[in-house]
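# Residue-level structural notes
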Amino acid sequence: MTIIEGWDSHAWIDGPWIHRSPRRPEVRPRLLAEVSLLPWLAPQLPLPVPVPERTVDGVRHLLLPGTPLTGGDEALGRELGAFLKALHAVDPAEAVAYGAVDAETASAAKAVELHEFRTQIVPLLPTEARAAARELLDRVAAVRNCLIHCDFGPDHILITDGRVTGIIDWTDAVIGDPALDLCWILNGAPKAVAAGAAEVYQPGPELVERAEDWARLSPWYGVHRGLRLNLPDDVANGLRGIVSLL
C-alpha cells in the first residue's frame, strides 16, 4: 500500500484503487460531492477524469495512469485547451444539481478570502502599490458563470508518453470564472503548451486579461498562509512577489 498525503485528503493506493478520506470535516461534503458530479461530467469531457464511488471513510476510484505534467508540446496544449473548452461549456445549473458548489456559495467564500487579503495584506504593501492591489482584488471578485476545476495546474494533469491521461483533484469544483482555469495554462505553462491551448480555446481579450489577473493573485496565497502560520520568510517573499506583479 502506498500512502499519499494531500492538503485536503489522506490518500492511499491499494491495488488498482486510490482511496481518499478528508483531512478536515469541512472537506468531507466536497469530497463526497465528487461521487455524483464526476460520473455525470466524465462523458462530456474529451480527457479522462476520476469516476469515484463512496466508501466508509471517503471515496475511491480506479487509479489513472501518468505522472504530473513537467513539459509538453503544442499538441498537448491543444488537448488541454479542448478539455477546458468542453468543461466550461457544460450546463452550470446541472453541474450544481450534481454537486458543484453554486455561484452564491462560492462568491460568499471568496468574499471572505478577499476581505482578509484587503485587511491583512494590503496594509503590508508599499503605500504606492496599495491602490493597484485593491483594484486587482475588485477585478477577480466579479465573474461566476461556468463550471471550473478551480485548481487547474501541472500537479493535477497526468501525462503518459507526452499525452494527457487524466485530470485529477476535483474537490474545489465550483461555478466560477473560467479565467481561473486558464490562469496557469496561459501564464505559467511552457510556451508551446500555452500556444496550443490558446489555439483551441480561443479566449477573448477580456478572458486573457482576467487570466493574467488570477496569475497576479498567486503570491497573495503564500502571504496569507504565512500570516496564518507565522512564517515570516514566506510573508516577505510573497509581498515581493505581489509588488512585482502589480
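Our subject is the structure that appears above.
Let me sum up the structure you'll find in this document. (Residues numbered from 1 in each chain as written. Predicted model: local features only at pLDDT ≥ 70, side-chain atom pairs only at ≥ 80, totals over all residues. Heavy atoms only, no water.)

### Section: the overall build of the protein chain
Quick note on the threshold: Numbering of helices and strands runs from the N terminus; a helix is a DSSP stretch of H or I covering at least four residues, while a strand is a stretch of E covering at least two. Each radius of gyration reported is based on C-alpha atoms, and the globular scaling rule is 2.2 Å times the count of residues to the power 0.38. Type-normalised accessible area, obtained with a 1.4 Å probe on protein chains alone, sets the label of each residue: buried when under 20%, exposed when over 50%, and partly exposed for intermediate values.
A tally of regular secondary structure across the protein chain gives nine helices and 10 strands. What you see for the protein chain is a C-alpha radius of gyration of 18 Å, in line with the 18 Å of a compact globule of 246 residues. Its C-alpha atoms put the protein chain at 55 × 40 × 35 Å along the principal axes. Scored against the burial criterion, the 246 residues of the protein chain give a buried share of 44%.

### Here's the deal with the packing of helix 6 (residues 178-187) against helix 8 (residues 205-229)
The line we're drawing: Angular values range over 0 to 180 degrees, each being the angle between N-to-C directions of two axes fitted as lines to C-alpha atoms, with helices fitted over their stretch in contact. The labels follow the angle: roughly parallel below 35 degrees, roughly antiparallel above 145, roughly perpendicular from 65 to 115, and oblique for the rest. In what follows, a contact means two residues having at least one pair of non-hydrogen atoms within 4.5 Å. Side-chain classes are defined by residue name, with Ala, Val, Leu, Ile, Met, Phe, Trp, Tyr, Cys and Pro counting as nonpolar, Asp, Glu, Lys and Arg as charged, and the others, Gly among them, as polar.
It is the contact of helix 6 with helix 8, at a shortest axis distance of 7 Å, that shows an interaxial angle of 75 degrees. The angle between helix 6 and helix 8 falls in the class roughly perpendicular. Where helix 6 approaches helix 8, its residues Pro 178, Ala 179, Leu 180, Leu 182, Cys 183, Leu 186 and Asn 187 are matched on the opposing element by Leu 207, Val 208, Arg 210, Ala 211, Glu 212, Trp 214 and Ala 215. In terms of residue class, the contact of helix 6 with helix 8 is made up of 11 nonpolar, one polar and two charged.

### A few points about the pairing of strand 8 (residues 157-160)
Which entries qualify depends on this criterion: For two strands to pair, DSSP has to find at least two bridges joining them.
Pairing between strand 6 (residues 67-68) and strand 8: two bridges, direction antiparallel. Each bridged residue has a counterpart across the sheet, and for Pro 68 the counterpart in strand 8 is Leu 158. Taken together, the four bridges between strand 8 and strand 9 (residues 163-167) define a ladder with antiparallel strand orientation. Bridging from a neighbouring strand, Ile 157 pairs with Ile 167 of strand 9. Following strand 8, the chain reverses through two residues before pairing antiparallel with strand 9; Asp 161 in that reversal takes a positive phi of roughly 50 degrees.

### Details of the sheet that holds strand 6
Across the sheet, which stays open at both edges, the three strands sit in the order 6-8-9 with antiparallel pairing between neighbours. Here the strands that pair on one side only, and so sit at the sheet edges, are strand 6 and strand 9. Together, strand 8 and strand 9 form the strand contacts of helix 2 (residues 74-89), whose direction differs from that of strand 9 by roughly 30 degrees.

### Concerning the nonpolar core
Stated precisely, the cut-off is as follows: Put simply, buried Ala, Val, Leu, Ile, Met, Phe, Trp, Tyr and Cys residues joined by side-chain atoms within 4.5 Å make one nonpolar core.
Leu 80, Phe 83, Leu 147, Ile 167, Trp 170, Ile 185 and Trp 220 are the most contacted members of the largest nonpolar core, which has 59 residues in total. Residue contacts for Ile 185: discarding those within four places in its chain leaves Leu 80, Leu 84, Phe 152, Val 193, Ala 194 and Ala 197.

### Quick notes on the pairing of strand 3 (residues 17-22)
Counting buried positions over the six residues of strand 3 gives five, a clear majority of the element. Across six bridges, strand 2 (residues 9-14) lies against strand 3 in antiparallel orientation. By the bridge assignment, Ile 13 is partnered in strand 3 with Ile 18. Once strand 2 ends, the chain turns through two residues before running back antiparallel as strand 3, passing Gly 15 with a positive phi of about 65 degrees. Bridge count between strand 3 and strand 5 (residues 59-62): four bridges; the pairing is antiparallel. Counterpart to His 19 in the pairing with strand 5 is Arg 60.

### A look at the pattern of salt bridges
Test applied: One speaks of a salt bridge when a side-chain nitrogen belonging to Lys or Arg is within 4 Å of a carboxyl oxygen belonging to Asp or Glu.
Enumeration over the complete set of coordinates arrives at 13 salt bridges. The partner of Lys 110 in a salt bridge is Glu 113, with the nearest N and O atoms 2.6 Å apart. Of this pair, Lys 110 and Glu 113 both sit in helix 4 (residues 103-121), three residues apart, roughly one helical turn. Here Lys 110 falls in the buried class, since its relative accessible area comes to 14%. Among the salt bridges present, the one from Arg 216 reaches Glu 212, with a minimum N-O distance of 4.0 Å. Within this pair, Arg 216 and its partner Glu 212 are both found in helix 8, separated by four residues, close to a single helical turn.

### Observations regarding the side chain of Thr 171
Position of Thr 171 among the secondary structure elements: in the loop between strand 9 and strand 10 (174-176). Not counting residues within four places of it along the chain, the set of residues in contact with Thr 171 comprises Asp 8, Arg 20, Val 27, Arg 30, Leu 31 and Glu 34.

### Some words on helix 1 (residues 28-41)
For an α-helix the count is 3.6 residues per turn, leaving residues at separations of three or four pointing the same way. What counts is decided by this rule: To estimate how far a helix should reach, multiply one less than its number of residues by 1.5 Å. At every residue, the bend is computed as the angle between two fitted axes, covering the seven residues ending there and the seven beginning there respectively.
For helix 1, with 14 residues, the first-to-last C-alpha span of 20 Å sits near the 20 Å given by 1.5 Å per residue. If you look at helix 1, its biggest bend is around 35 degrees, right at Val 35, and the proline Pro 39 turns up within four residues after that. All of the buried residues in helix 1 are Leu 31, Leu 32, Ala 33, Glu 34, Leu 37, Leu 38, Trp 40 and Leu 41.

### Considerations on the packing of aromatic side chains
Centre-to-centre distance and the angle between the planes together describe a pair of aromatic rings. Let me state the cut-off plainly: Aromatic pairing here means that ring centres of Phe, Tyr or Trp (its six-membered ring) are within 6.5 Å. Orientation follows from the plane angle: under 30 degrees is stacked, over 60 is edge-to-face, and everything else is tilted. Over a ring means this: the NZ of a Lys or the CZ of an Arg is within 6 Å of the ring centre and within 35 degrees of the ring normal.
Applying the stated rule across the entire model yields five aromatic pairs. Ring geometry for Trp 40 against Tyr 98: centres 5.0 Å apart, planes inclined by 10 degrees, an arrangement best described as stacked. Residue Trp 40 is located in helix 1, and its partner Tyr 98 is located in the loop between helix 3 (92-97) and helix 4; the two are separated by 58 residues in the primary sequence. Relative to Trp 170, the ring of Phe 83 has its centre 6.2 Å away and its plane inclined at 65 degrees; by these criteria the two rings are edge-to-face. Taken together, the residues Phe 83 in helix 2 and Trp 170 in the loop between strand 9 and strand 10 connect sequence positions 87 residues apart. Here Phe 83 matches Trp 170 in class, with each residue buried. In this structure, Arg 60 is placed above the aromatic ring of Trp 17, and the distance from its NZ or CZ to the ring centre is 3.6 Å.

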